[in-house]
Amino acid sequence: MHDYQRDFIDLTLQREVLRFGEFTLKSGRISPYFFNMGRIDSGAALAQLGRAYAATIQASGLSVDMLFGPAYKGIALAAATAIALAEQHGRDLPWAYNRKEAKDHGEGGSLVGAPLKGRVLIVDDVMTAGTAVRESLALIRAAGAEPAGVLIALDRQERGQGELSAAQEVTAEFGIPVIAITRLDDVLAYAGERPSLAAEHARLLAYRARYGVTG
């Protein structure tokens, strides 16, 4: 595990983004952990999160020309990532986002920011049904640009309706990579390094054994 991944998990625990316990998901599954990026609600936390996203892009080696943040959560995430890429890695990438409702006055349209062109990386929080990703891909391709992939904070590595996870389904359907700051495997490794999280580690292992995917 990279240092930026440990720092990210530290941040999610400090801000209670990542919580352990017993949580009923939309799927009806009882999960031993819950992940809520809405808890990143201060400037310092958002800056740290942006650095984690930027470090993930750098570590991935993915060829990226610009960033795209799907409304609404993805807007702040793409902005924070663009800032961190410029300040931490000397990469001044353009970025854009979409509106939920197209504007018919002023500059008009549903897109704001830099024109979509080149290889565009979608930046979002987590992936469940993949609806936001599908809408983003349609916008990117309609502009004549090429989707480079999707960057998320956490990959739960958990089966959806079939045998694949939501991330794997997007890769299989659209042929683009889904990269994450951390995956459930990383959370397991982190918990396994800390005796204080031994009970959570055991519950995470049991959950992965029941619902997890490989790869």
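All values reported here derive from a predicted model rather than from experimental measurement.

Strand S7 (residues 146–155) sits mainly inside the fold: nine of its ten residues count as buried. In the sheet, strand S6 (residues 119–123) pairs with S7 via five bridges, with the strands oriented parallel. Among the inter-strand pairings, valine 123 is bridged to a residue of S7, identified as leucine 151. In terms of strand pairing, S7 meets strand S8 (residues 178–183) through five bridges, oriented parallel. Across the sheet, the residue bridging to leucine 154 is threonine 182, located in S8.

The next thing to look at is the nonpolar core. With 41 residues, the main nonpolar core has Phe8, Phe35, Met37, Leu49, Tyr53, Leu67 and Ile181 as its most contacted residues. Listed by contribution, the elements that provide at least two residues to this core are helix H1 (3–14), strand S2 (30–35), helix H2 (43–60), helix H3 (73–89), S6, S7, S8 and helix H6 (184–192). It is H2 that provides the largest number of residues to this core, a total of seven residues. In this structure, phenylalanine 8 is in contact with Phe35, Leu49, Ala52, Ala153, Ile181 and Thr182, ignoring residues within four places of it in sequence. If you look at the next biggest cluster of nonpolar residues, it comprises 19 residues, including Ile122, Leu137, Ile140 and Val178.

Under the definition given, this model contains twelve salt bridges. In this structure, arginine 29 and glutamate 158 form a salt bridge, with 2.9 Å as the shortest nitrogen-oxygen distance. Within this pair, whereas arginine 29 is found in the loop between strand S1 (18–24) and S2, its partner glutamate 158 is found in the loop between S7 and helix H5 (166–174), the two being separated by 129 residues in sequence. Residue arginine 156 is joined to glutamate 158 by a salt bridge in which the shortest nitrogen-to-oxygen separation is 2.9 Å. Exposure remark for glutamate 158: the relative accessible area of 11% places this residue in the buried category.

UniProt's entry tags Phe34, Phe35, Thr128 and Arg156 with the feature "binding site: orotate" (unreviewed entry), counted in the numbering of this structure. Inspection of the secondary structure puts phenylalanine 35 in strand S2. Relative accessible area serves as the criterion here: at 13%, phenylalanine 35 is assigned to the buried category. Setting aside chain neighbours within four positions, we find phenylalanine 35 in contact with Phe8, Thr12, Val17, Leu18, Val126, Ala153 and Leu154.

Attention now goes to H1. Along its twelve residues, H1 runs 16 Å from first to last C-alpha, staying within 8% of the 16 Å computed at 1.5 Å per residue. The set of residues buried in H1 consists of Tyr4, Gln5, Phe8, Ile9, Leu11 and Thr12. Axial view of H1: buried residues confined to an arc of 155°, hence all on one face. Residues of H1 that are exposed and point over 90 degrees away from its buried face: Asp3 and Gln14. Directly after H1, the chain includes glutamate 16, whose backbone phi takes a positive value near 60°.

What counts and what doesn't
- Along each chain, residue indices are assigned from 1 in the same order as the chain's sequence is written.
- Under the rules for a predicted model, residues below a pLDDT of 70 receive no local features and side-chain atom pairs below 80 are neither given nor counted, while totals for whole chains, interfaces and linings still include all residues.
- Heavy atoms throughout the structure, all of them, feed into the side-chain values; hydrogens and water do not.
- The cut-offs for exposure are 20% and 50% of the maximum accessible area for each residue type, with area from a 1.4 Å probe on protein chains only; residues under the lower value are buried, those over the upper are exposed, and the others partly exposed.
- Helix numbering and strand numbering both begin at the N terminus, where a helix is a DSSP run of H or I of at least 4 residues and a strand a DSSP run of E of at least 2.
- Between any two strands, at least two bridges found by DSSP are needed for them to pair.
- We define a nonpolar core as any set of buried Ala, Val, Leu, Ile, Met, Phe, Trp, Tyr and Cys residues linked to one another through side-chain atoms lying within 4.5 Å.
- The criterion used for residue contact is that any of the two residues' heavy atoms lie within 4.5 Å.
- Whenever Lys or Arg places a side-chain nitrogen within 4 Å of a carboxyl oxygen from Asp or Glu, that contact is recorded as a salt bridge.
- UniProt positions are given in the numbering used here, feature names are shortened, and annotations may be inferred rather than shown by experiment.
- Expected span of a helix, by definition, is 1.5 Å for each gap between consecutive residues, and there is one gap fewer than residues.
- As used here, the arc is the angular range of directions from the helix axis to the C-beta atoms.

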